[in-house]
Amino acid sequence: MKILVCISKTPDTTAKIAFTDNNTKFDGNGVQWIINPYDEWYSLVRAIELKEADASVVIHLVTVGAADADPIIRKALALGGDEAIRVNADSHDSYYVASQIAEVAKQGSYDLVFTGKETIDYNGSSIGGMLAELLDLPYIALASKFELAGTKAIVTREIEGGEETCEVALPAVISCQKGMAEARIPNMRGIMAARTKPLKVVEPVSADSLTGIQSFSLPPAKAGVKLVDPENVSELVRLLHEEAKAI
Amino acid sequence: MSVLVYIDTADGHVKKASLEAMTYGSKIAEQIGTSAEAVVLGPVNDDLTSLGKYGIKKIYNVANDSLNHLDAQVYTKVVAQVADAAGAKVIVFSNNTNGKAIAPRLSARLKAGFVSGAVALPETSPGFTVKKSVFSAKAFANVSVNTDIKIIALNPNAYQTIATDGTAEVISFNANVDPPKVKVTNVTKASGEVPLTEAEIVVSAGRGMKGPENWGMVEELAKTLHAATACSRPVADAHWRPHNEHVGQTGIAIAPNLYIAIGISGAIQHLAGVNRSKVIVVINKDPEAPFFKAADYGIVGDAFEVVPKFTEAIKKLKGVS
Ligand SMILES: Cc1cc2nc3c(=O)[nH]c(=O)nc-3n(C[C@H](O)[C@H](O)[C@H](O)COP(=O)(O)OP(=O)(O)OC[C@H]3O[C@@H](n4cnc5c(N)ncnc54)[C@H](O)[C@@H]3O)c2cc1C
Ligand SMILES: Nc1ncnc2c1ncn2[C@@H]1O[C@H](COP(=O)(O)O)[C@@H](O)[C@H]1O
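Here the residue numbers are simple positions, counted from 1 along each chain's written sequence. By the order in which they are written, chains take letters starting at A while ligands take numbers starting at 1. pLDDT decides what is reported in this predicted model: residues at 70 or higher carry local features, side-chain atom pairs at 80 or more are listed and counted, and totals for whole chains, interfaces and linings draw on all residues regardless. To get the side-chain values, all heavy atoms of the structure are used, and hydrogens and water are removed first.

## With respect to the sheet that holds strand 17 (residues 297-300) of chain B
In this analysis, strands are considered paired if DSSP registers two or more bridges between them. Helix and strand assignments come from DSSP, with helices taken as H or I runs of at least 4 residues and strands as E runs of at least 2, each series counted from the N terminus. What the six strands build is an open sheet, ordered 15(A)-17(B)-16(B)-15(B)-13(B)-14(B); its pairing is parallel. Edge strands, defined here as strands with exactly one partner in the open sheet, are strand 15 (226-227) of chain A together with strand 14 (228-231) of chain B. In this sheet, strand 15 (residues 258-262) of chain B lies alongside strand 13 (residues 201-205) of chain B in parallel orientation, the contact comprising five bridges. Bridge assignment links B:S204 to a residue of strand 15 of chain B, and that residue is B:A261. Strands strand 15 of chain A together with strand 15, strand 16 (279-284) and strand 17 of chain B of the sheet are contacted by helix 6 (residues 233-243) of chain A, whose axis makes an angle of about 175° with strand 17 of chain B. Contact criterion: two residues are considered in contact whenever any of their non-hydrogen atoms come within 4.5 Å of each other. Every axis corresponds to a line fitted to the C-alpha atoms, with the helix fit spanning only the stretch in contact, and the corresponding angles, defined between N-to-C directions, vary from 0 to 180 degrees.

## Section: the site of ligand 2
Residue and element names in this part refer to chain A. Near ligand 2 you find 18 residues, and of these D39, V64, S125, S126 and I127 are the closest. Side-chain atoms alone can form a polar contact between residues adjacent in sequence; in general such a contact is a pair of N or O atoms within 3.5 Å, and within protein one must be able to donate a hydrogen while the other accepts it. For ligand 2, an oxygen atom lies 2.5 Å from a polar atom in the side chain of D39. Measuring from an oxygen atom of ligand 2, one finds a backbone N or O atom of S126 at 2.6 Å. For ligand 2, whose unbound accessible area comes to 480 Å², protein coverage reaches 93%. If you list the elements that add at least two residues to the shell around ligand 2, you get strand 6 (58-64), helix 3 (94-108) and strand 8 (112-116). For the shell around ligand 2, the leading source of residues is strand 6, giving three residues. Here the shell around ligand 2 is composed, by residue class, of seven nonpolar, nine polar and two charged. It suffices for a single heavy atom of a residue to lie within 4 Å of a molecule or strand for the residue to be listed as near it. The protein chains shown are the only cover counted for residues, whose accessible areas, like all others here, come from Shrake-Rupley with a 1.4 Å probe. Polarity classes work like this: nonpolar for Ala, Val, Leu, Ile, Met, Phe, Trp, Tyr, Cys and Pro, charged for Asp, Glu, Lys and Arg, and polar for all others, with Gly in that last group.

## Thoughts on the nonpolar core
Residue and element names in this part refer to chain B. Buried Ala, Val, Leu, Ile, Met, Phe, Trp, Tyr and Cys residues that are joined via side-chain atoms within 4.5 Å together make up what is termed a nonpolar core. Each residue gets one of three labels from its accessible area relative to the maximum for its type: buried under 20%, exposed over 50%, partly exposed in between, using a 1.4 Å probe on protein chains only. Ranked by internal contacts, the top residues of the largest apolar core, which has 59 residues, are L4, L41 and F93. Here this core gets nine residues from one element, more than from any other, and that element is helix 2 (residues 72-86). For L4, the residues in contact, after removing those within four places along its chain, are E37, A38, V39, Y60, V82, A83, A86, A88, V90, I91 and V92.

## Observations concerning the side chain of B:T9
All names here are of chain B. Mapping T9 onto the fold places it in strand 2 (residues 9-10). Residue classification places T9 among the buried positions, given a relative accessible area of 18%. Excluding residues within four positions of it along the chain, T9 makes contact with V14, K15, V40, L41, P43 and N98.

## Observations concerning the packing of helix 3 of chain A against helix 4 (residues 127-135) of chain A
Residues and elements named next belong to chain A. Put simply, helix 3 and helix 4 touch, their axes get as near as 9 Å, and they point 50° apart. The orientation of helix 3 relative to helix 4 falls into the category oblique. You can see that helix 3 and helix 4 cross each other, and the crossing is right-handed. Where helix 3 approaches helix 4, its residues S94, Y95, V97, A98, S99, I101, A102, A105 and K106 are matched on the opposing element by I127, M130, L131, L134 and L135. Just so you know how the angles are binned, under 35 degrees is roughly parallel, over 145 roughly antiparallel, 65 to 115 roughly perpendicular, and the rest oblique. Take the far helix as your reference; a near helix turned counterclockwise from it by less than a right angle gives a left-handed crossing, and one turned clockwise gives a right-handed crossing.

## Thoughts on the site of ligand 1
Around ligand 1 sit 28 residues in total, of which B:S232, B:S265, B:Q269, B:H270 and B:N284 are the nearest. Mapping the residues near ligand 1 onto chains gives chains A and B. Between ligand 1 and the protein, one listed contact pairs a nitrogen atom with a side-chain N or O atom of B:T250 at 2.8 Å. Of all the secondary structure elements, the ones that give two or more residues to the shell around ligand 1 are helix 5 (233-237), helix 6 (268-274) and helix 8 (303-318) of chain B. Of the residues that constitute the shell around ligand 1, the class distribution is seven nonpolar, 15 polar and six charged.

What follows is the structure, encoded as structure tokens:
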């Protein structure tokens, strides 16, 4: 069983969101970069659990990014992957990134590809689906549970207002979210081992970009909170009804 | 040429988010001088012709036993066939669970540029630029699409539904449908309750509630308002509430008309999932709680005293006791 886990690099969840170059670039000044939480907590940790249950499982990590993604991929290796591949390209076009990952996936003939539900910066929620289409494989989006059963997988996914359990033959592409696994902290042994694990850097294949970010903007600031006396709760109801027209 | 809207259904009923997508799609059609059409897969119980109200002229219905459950691979091929027949130049999805499964696949299949999480109509002259939510609703990006066909997934609750007059022509479309590779074995619905992502009002509570035994008053408030219930992450982690109620950066992102946060501190990761809400009410005993900075209305007080009074006052407004 070979699993490919897609790892992306995102600003820390508490990072200040600001833009430079006339609002065309994210301002990375002083920002701490982390593994996208969905990739780390849910897809990578679930893959590691599968390996713990069956030592023959091999986990490869892939990231599409410039050299500044190396610390992120090393951290992911410290958590538990066997080896990592970085495709040396910097792009925010989902189709371009998915095309790069598809190439890696084809080369490695994996039984399973995990992505996160979405990146917390660009919120595309699209790489998994695009990848599945490029590989012509089944795709289960927003999985919250995943079990292997021979050559099949049993997956629970989110649907509007509930969940659905389904069976799918492998290989398949799965996007992972909360419920899949519990977050872990890398231990010293893992961090030491990660130093000697292979991190292969490959050049991108040629692929088209279908979209481009022109500019960013920030939402208008809130007017400020209107506080209501706790002894006069009906005033809050009046405001919500008459002023905000929310109830 | 047309704008094609994907109509999402659950148990044979058209989802509210799809009504928004139809209104949005028909506005784009107006903008680029064409007509809006729609596609719906699988069994439908609602009257489709009445969806003309949302500006849809023609609806392609594909019924086939293989489409009773979502298999994104199978669905994508069918939507691609309809898109081809309709000469679709813009394809609109709702950015909900099914949209997230199908739209990106379709994008790769048609090699059509895709923007998910759209929050406004595209700029269409010149070019084609879509405003989308990024950084977990902390910012927006204007994304240009370079391809002949464009695919947009519209965020739920980002675009107001407008109903006018009109009927849609419904045609049953004969598509090649592959047998599904995904077999659904069990479906669990949060029955009778309002689904969180579609709810107009959400009542949410955090660690300030002290324990699961105190959720009665939260549920009572939610019931009075016909609201869905939600919670902060530590509350779900401690199993006080089910995981599917967890909102925030790592949980569900919502955008209701009204979000009521009770005993939640307002950590940045929590706000990331709720800051698209139109009106935010915060009830917290700590005047320094960061949530007040993101709120429109607030009460500094003890939830255990304020919430029951709040519920009573709403009942009075609604004339129920
Ligand atoms: C990478 C990452 C991702 C995360 N993702 C999420 C996420 O998706 N969603 C999320 O919610 N959190 C998330 N968190 C956790 C987040 O940082 C906070 O820890 C969490 O939101 C706090 O939950 P809380 O407000 O319920 O609890 P607390 O922070 O403990 O706050 C409890 C609040 O209740 C108030 N209170 C206490 N008693 C009363 C009373 N009697 N009446 C009124 N008020 C009272 C207190 O004043 C306090 O403000 C994430 C954290 C990280 C690091
Ligand atoms: N540059 C990248 N390199 C590797 N994987 C990525 C990259 N960008 C996104 N992914 C994967 O795709 C998932 C969804 O990302 P997105 O579609 O961009 O929201 C992420 O959670 C990652 O698992």
